[in-house]
Amino acid sequence: MRRRMRGIAVAAIALTSVLSMAACAKDNGGTSTGTTGGASGGCKLADKPPAAAGNTTSSSAGEKVDGSALKVGLAYDIGGRGDASFNDSAAAGLDKAKADFGVAEVKELTAAPNEAEDAKQTRLRQLATEGYNPIIGVGFAYAESLKVVAPEFPGTKFAIVDGAVEGAANVTPLVFAEEQGSFLAGVIAAYQSKTCHVGFIGGVKIPLIQKFDAGFEQGAKAAAPEVKIEKKYLTPAGDFTGFQDPTKGQEAAKGQIEAGTDVLYHAAGASGKGVFSAAKTANVKAIGVDSDQYNQSTVAESKDVIISSMLKRVDVAVYDFVKAVAKNDLGSLPKVFDLKVDGVGYATSGGKIDDNLKAVLDGYKAQIIEGKIKVSDKPTS
């Protein structure tokens, strides 16, 4: 009788284990990422969004355009080519435009941290005086300078990334829905976290970077309502060294890791190198920004912890602007480079985003494009 009762008890334990495992699978949306939920902990995930139906983006690839008459000037923000982020994305778009359209000549100049406003004006005037047309200011910091310089050269076509110049007919704004791409980064973080505790590190506390913060928070909470989110800005508004200080990035990341985060998302320019370094040392995960940072040579030593990057397609905007100038058709440019026109997105390099998670991300992407999910550009805290 005792032996029979022991057998019943063992069977009951086994059945309980099976039911427990099934419950865990249900809590995690049936995903097979292997990094969220189950025995390893992680977030209790919300129901998956409906599957995306077909292609929801637009493309005009393959069109033949002659840009051989153009001399293109590019005025970088601080960090310039080689920042492994925002500026490198602009550089990639310029390189592709030069190759595809046969652009005659390009010239690149770079801003210094916290430089005087007249330095930016001098940079833009130099390019315009030397006959470069079009000229692209990479970063909202060029807005005030373009207000002054653009009217001085009415025959020159200017563009500004992340900004607009009211009343200047020869300045084209190239703006993005950073919050939409960051929403997807938040979903990735929630699905990849084992502690259900993730972090955001912004370079400078300004409205532009707060768009990344807002989207990340909303996406993470949409995927996992109980997720805990740490936030840190490296410098206050007005001090733009927060985009160029890897040491501060590393210290901020260490603090968040010590608080329990195991997935970090940065929107901090070159300071992100420090975020990656801290993640590498602690063996936690990181999400890059702007460019596909897994493939950036300047952060190659940390690439194994980079699970994805939020793609802010400055390269697409620069490329499309040069193309539109070559065609004399600036009206063809989108008002905002958003998910619908592939202006933002996410990277899959490194194989960390499996097919199950990709389906989830594409489901959320479709809902945003269709207007079923409205992504805020302002954080709640």
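Whatever comes next refers back to the structure up there.
None of the values given here were measured: they were computed from a predicted structure.

The rules behind the values
- Residues numbered from 1 in each chain as written.
- Predicted model: local features only at pLDDT ≥ 70, side-chain atom pairs only at ≥ 80, totals over all residues.
- Heavy atoms only, no water.
- Axes fitted to C-alpha atoms, helices over the stretch in contact; angles between N-to-C directions.
- Helix = DSSP H or I, 4+ residues; strand = E, 2+ residues; numbered from the N terminus.
- Parallel < 35°, antiparallel > 145°, perpendicular 65-115°, else oblique.
- Left-handed = near helix turned anticlockwise from the far one by under 90°.
- Contact = heavy atoms within 4.5 Å.
- Nonpolar A, V, L, I, M, F, W, Y, C, P; charged D, E, K, R; others polar.
- Core = buried A, V, L, I, M, F, W, Y, C linked by side-chain atoms within 4.5 Å.
- Buried < 20%, exposed > 50% of the residue type's maximum accessible area, 1.4 Å probe, protein only.
- Domains from an automatic or database assignment.
- Disulfide = S-S within 2.5 Å.
- Pairing = 2+ DSSP bridges.
- Salt bridge = Lys/Arg side-chain N within 4 Å of Asp/Glu carboxyl O.
- Right-handed = clockwise from strand over helix to strand, strands pointing away.

**Student:** Summarise the packing of helix α5 (residues 178–192) against helix α10 (residues 355–369); cite the residues concerned and give the values.
**Tutor:** Two elements in contact, α5 and α10, have axes whose closest approach is 10 Å; the angle formed by their N-to-C orientations is 150 degrees. If you check the angle between α5 and α10, you find them roughly antiparallel. The chirality of how α5 crosses α10 is right-handed. Taken together, the residues of α10 that come into contact with α5 (itself represented by Gln-180, Phe-183, Leu-184, Val-187, Ile-188, Tyr-191 and Gln-192) are Leu-357, Val-360, Leu-361, Tyr-364, Lys-365 and Ile-368. Its residues assigned to classes, the contact of α5 with α10 shows 10 nonpolar, 2 polar and 1 charged.

**Student:** Pulling in residues and values, what's your account of the nonpolar core?
**Tutor:** One finds Ile-136, Phe-158, Ile-209, Phe-212 and Tyr-265 to be the most contacted residues of the largest nonpolar core, which totals 93 residues. Broken down by element, this core gets its largest block of residues, 9 residues, from helix α9 (residues 314–327). The two domains that each donate at least three residues to this core are domain 1 (71–174) and domain 2 (178–312 + 351–370). Among residues more than four places away in sequence, those in contact with Ile-209 are Phe-200, Gly-202, Gly-203, Val-204, Tyr-233, Phe-243 and Ala-267.

**Student:** Please set out the state of the cysteines residue by residue, giving values where relevant.
**Tutor:** Applying the stated criterion across every chain, the model contains 1 disulfide. Two residues, Cys-43 and Cys-196, share a disulfide whose sulfurs are 2.1 Å apart. Measuring the twist about the S-S bond at about 110 degrees, one finds the Cys-43-Cys-196 disulfide to be right-handed. Taken together, the positions of Cys-43 in the loop between α1 (2–27) and β1 (71–76) and Cys-196 in the loop between α5 and β6 (197–204) put the pair 153 residues apart, joining distant regions of the chain. Across this residue pair, the class does not change: Cys-43 and Cys-196 are buried.

**Student:** Can you explain the sheet that holds strand β7 (residues 228–235)? Please cite residues and give values.
**Tutor:** Across the sheet, 6 strands lie side by side as β7-β6-β8-β9-β10-β11; this open sheet has mixed pairing. Every other strand in the sheet has two partners, leaving β7 and β11 (344–346) as the edge strands with one partner each. Direction aside, the axes of adjacent strands within the sheet are offset by 15 degrees on average. As defined by bridge partners, strand β8 (residues 263–267) adjoins strand β9 (residues 285–290) across 3 bridges and the pair is classed as parallel. Residue pairing in the sheet places Leu-264 in a bridge with Ala-286 of β9. Across the sheet, α5 is in contact with β6, β8, β9, β10 (306–312) and β11; its angle to β10 comes to roughly 170 degrees.

**Student:** Any chance you could break down the environment of Thr-122 for me, citing the residues and the numbers?
**Tutor:** Looking at the secondary structure, you find Thr-122 in helix α3 (residues 117–129). Distance from Thr-122 to Ser-145, taken between C-alpha atoms, is 8.9 Å for residues 23 residues apart in sequence.

**Student:** Any chance you could break down the pattern of salt bridges for me, citing the residues and the numbers?
**Tutor:** Going through the model one piece at a time under the given rule, you end up with 20 salt bridges. Arg-81 is the salt-bridge partner of Asp-95, the closest N and O atoms lying 3.0 Å from each other. With Asp-95 in helix α2 (residues 86–101) and Arg-81 in the loop between β1 and α2, this residue pair connects regions lying 14 residues apart in the sequence. Of the charged contacts, one joins Glu-370 and Lys-372 as a salt bridge, the two residues approaching to 3.3 Å between their closest N and O atoms. According to the relative accessible area criterion, Glu-370 is partly exposed, its value standing at 49%. Given a relative accessible area of 62%, Lys-372 falls into the exposed group. One network of salt bridges, with partners in common, ties together Asp-162, Glu-178, Glu-179, Lys-211 and Lys-312.

**Student:** I'd like a description of the pairing of β9, backed by residues and values.
**Tutor:** Taken across its 6 residues, β9 has 6 buried, putting it largely inside the fold. For the crossover from β8 across helix α8 (residues 272–282) to β9, the handedness is right-handed. Here 5 bridges tie β9 to β10, and the two strands are oriented parallel to one another. In the strand pairing of β10, Asp-290 is matched with Leu-311.

**Student:** Describe in detail the sheet that holds strand β4 (residues 158–161), supporting the description with residues and values.
**Tutor:** Pairing is parallel across the open sheet formed by 5 strands, whose spatial order is β2-β1-β3-β4-β5. The open sheet terminates on both sides in strands that have one partner only, identified here as β2 (105–110) and β5 (171–174). Pairwise comparison of adjacent strand axes, ignoring direction, gives a mean angle of 15 degrees for this sheet. Of the pairings in the sheet, the one linking strand β3 (residues 135–138) to β4 comprises 4 bridges and is parallel in character. Looking across to β4, one finds that Gly-137 is bridged to Ile-160.

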